[in-house]
Amino acid sequence: MSTSTIKSSIEAMVTPYLNEQGFELVDIEYIKEGSNWFLRIFVDKDGGIDIDECGRISEFVSEQLDKNDPISGAYFLEVSSPGAERPLKKPEDVVKAIGKHVFMTTYEPVDGSKEFEGLLVSFDGVQAVIRIGKKQHTLPYAKVASARLAIVF
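Residues numbered from 1 in each chain as written. Predicted model: local features only at pLDDT ≥ 70, side-chain atom pairs only at ≥ 80, totals over all residues. Heavy atoms only, no water.

**Considering the pattern of salt bridges**
Thinking step 1. A full pass over the atoms with the stated rule returns 11 salt bridges.
Thinking step 2. For R148, the salt bridge is made with E85, and the minimal N-O distance between the two is 3.3 Å. With R148 in strand β8 (residues 144-149) and E85 in the loop between β3 (76-80) and α3 (91-96), this pair connects stretches of sequence that are 63 residues apart.
Thinking step 3. Looking at E85, the relative accessible area reads 34%, which means it is partly exposed.
Thinking step 4. For K143, the salt bridge is made with E108, and the minimal N-O distance between the two is 3.0 Å. With a gap of 35 residues between them, K143 in the loop between β7 (135-140) and β8 and E108 in strand β4 (residues 101-110) connect regions that are remote in the sequence.
Thinking step 5. With relative accessibility at 30%, the residue K143 sits in the partly exposed group.
Thinking step 6. Residue E108 is classed as partly exposed on the basis of its relative accessible area, which comes to 39%. (Salt bridge = Lys/Arg side-chain N within 4 Å of Asp/Glu carboxyl O. Helix = DSSP H or I, 4+ residues; strand = E, 2+ residues; numbered from the N terminus. Buried < 20%, exposed > 50% of the residue type's maximum accessible area, 1.4 Å probe, protein only.)

**Digging into the packing of helix α1 (residues 3-20) against helix α2 (residues 51-68)**
Thinking step 1. Two elements in contact, α1 and α2, have axes separated by 11 Å at closest approach and are oriented at 140°. With respect to each other, α1 and α2 are oriented oblique. In terms of crossing hand, the pair formed by α1 and α2 is right-handed. Residues I10, M13, V14, Y17 and L18 of α1 pack against R56, I57, F60, V61, Q64, L65 and N68 of α2. (Axes fitted to C-alpha atoms, helices over the stretch in contact; angles between N-to-C directions. Parallel < 35°, antiparallel > 145°, perpendicular 65-115°, else oblique. Left-handed = near helix turned anticlockwise from the far one by under 90°. Contact = heavy atoms within 4.5 Å.)

Structure (structure tokens):
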């Protein structure tokens, strides 16, 4: 099974449970680090998620993985919060980030740069507007390679 097929299968397996419990699936990673494979599931909810909730979700996911067995080899399962610099994977995530400090990268330069960190002013599903200092940059969403919340120090 391909990595994207594994991720899609796991997403379909866990999303109904997470939604029912009031959690949001933020991201799934299935990656090899050194000689080991890791399945990382990032979950959040309004007000944040704690270690006990991650433990309960991990137990549920582990049972589902044992039952459905979408991954043939050995791997380590990790369930955690996406952290303070939460990735903005879906357009809905970007909408929720309006008014917050974000970091976005683009596939190709926009206004002479491929990295933008500033206040997300607006997002209409097609374009994101980021204010950096006094200048606003309009990024076509189709050109955004990655986006995440950013901490201001």
